Amino acid sequence: MSVSANSVSAASPDQAMEHALTQHGRSLAALSRERPALVVFLRHSGCTFCREALADLAKRRSAIEGGPRGGAQIVLVHMGDDASAAKFFGEYALGDVARISDPERTLYRAFELRRGSFLQLFGPRVIVRGLAAAIRGGHGVGRVQGDPFQMPGAFLVQNGRIVSAFRHAAASDRPEYESIACALPTTQA
């Protein structure tokens, strides 16, 4: 059962991570204390870039999870219901990764992920890349579930703290998830 991260409004990242629970009832903060977490905030499941991100994560999963110093666990944050997310992520061989349902976008706001502007979502560069990802990349499009204006991002979280952040400037940005996951400081505090 997935518990939403919406129990804390206007929360700091620390507070939000303590209240954001995975489908197994574990907090994001607790997971990050056990092992660094590559926390990937997704747009809605119908977004071709969301689908592309899941395909990228599935392709690079072993490198992310087995990287330097033990790698990072993947945690997916989405705005849909848990049952739909489980099925959707399963289509990308990611059904077993930790996931957090955040339909109220509390965790998104705590991590300073904003709603996108028209150009960030529908600018010429975004449209061209979107068509390429949908058609040539085979990612297609689907039904919107969540806020279609929400911007995505990816963060490395360790011991309840953000170590590295990638906030999309445009919906079409394609982060290098493995590089983000490998951004651990050389000295551990």
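Predicted, not measured: the structure shown is a model, and the values here were computed from it. (Residues numbered from 1 in each chain as written. Predicted model: local features only at pLDDT ≥ 70, side-chain atom pairs only at ≥ 80, totals over all residues. Heavy atoms only, no water.)

A.B. asks: What am I meant to see in the environment of Q145 here?
C.D. replies: Along the chain, the position of Q145 falls in the loop between α7 (124–136) and β4 (153–158). For Q145, a relative accessible area of 19% corresponds to the buried category. Remark: the alpha-carbon pair of Q145 and H78, spanning 67 residues in sequence, is separated by 9.2 Å. For Q145, the contacting residues outside a window of four places in its chain are H44, S45, M79, G80, D81 and S84. (Helix = DSSP H or I, 4+ residues; strand = E, 2+ residues; numbered from the N terminus. Buried < 20%, exposed > 50% of the residue type's maximum accessible area, 1.4 Å probe, protein only. Contact = heavy atoms within 4.5 Å.)

A.B. asks: Please clarify how the sheet that holds strand β2 (residues 73–78) should be interpreted in this entry.
C.D. replies: Strand-to-strand pairing in sheets goes through backbone hydrogen bonds, with the strands running parallel or antiparallel. A sheet is described by the order of its strands in space; here five strands give the open sequence β3-β2-β1-β4-β5, paired in mixed fashion. Sheet topology places β3 (98–101) and β5 (161–167) at the edges, where each strand pairs with a single neighbour. Strand-to-strand twist of the sheet, defined as the mean angle between neighbouring strand axes without regard to direction, takes the value 20°. As paired elements, β4 and β5 share six bridges and run antiparallel to each other. Residue L156 lies in a different strand from β5, and its bridge partner there is S164. On the sheet, helix α3 (residues 48–65) packs against β1 (37–41) and β2 and is oriented at approximately 155° with respect to β2. (Pairing = 2+ DSSP bridges. Axes fitted to C-alpha atoms, helices over the stretch in contact; angles between N-to-C directions.)

A.B. asks: Would you mind showing me how to read the environment of D147 here?
C.D. replies: Among the structural elements, D147 can be located in the loop between α7 and β4. For D147, a relative accessible area of 11% gives the class buried. Sequence separation of D147 and R105 is 42 residues, and the distance between their C-alpha atoms is 8.7 Å. In contact with D147, not counting residues within four places along its chain, are M79, R105 and R115. Engagement of the side chain of D147 in a polar contact is seen with the backbone nitrogen of F149, the distance being 2.8 Å. (Polar contact = N/O pair within 3.5 Å; in protein donor to acceptor, adjacent residues only side chain to side chain.)

A.B. asks: Just to check I follow, could you spell out the packing of aromatic side chains for this structure?
C.D. replies: Two measures describe an aromatic ring pair: the distance that separates the ring centres and the angle between the ring planes. Following the criterion strictly, the structure yields seven aromatic pairs and no others. Both rings, one in F41 and one in Y108, keep their centres 5.0 Å apart while their planes meet at 70°; by these two values the pair is edge-to-face. Taken together, the residues span a long stretch of sequence, with F41 in strand β1 and Y108 in helix α5 (residues 106–110) at a distance of 67 residues. Take F41 and Y108: they sit in the same class, and that class is buried. Judged by centre distance (5.4 Å) and plane angle (45°), the rings of F118 and F122 are tilted. In this pair, F118 and F122 are both assigned in helix α6 (residues 118–122), four residues apart and thus about one turn of the helix distant. Judged by its relative accessible area of 40%, F122 falls in the partly exposed class. Taken together through their ring pairs, the aromatic side chains of F41, Y108, F111 and F155 make up a single cluster. (Phe/Tyr/Trp six-rings, centres within 6.5 Å; stacked < 30°, edge-to-face > 60°.)

A.B. asks: Sorry, what's going on with the pairing of β2 here?
C.D. replies: With six of six residues buried, β2 is to be regarded as a mostly interior element. The alternating pattern of β2 places Q73, V75 and V77 on one face and I74, L76 and H78 on the opposite face, and all of these are buried. As paired strands, β1 and β2 are joined by five bridges and run parallel to one another. Across the sheet, the residue bridging to F41 is V77, located in β2. Direction of pairing for β2 relative to β3: parallel, over a ladder of four bridges. Of the residues in β3, the one forming a bridge with L76 is R99. In this view, the connection linking β2 to its parallel neighbour β3 by way of helix α4 (residues 82–90) has right-handed handedness. (Right-handed = clockwise from strand over helix to strand, strands pointing away.)

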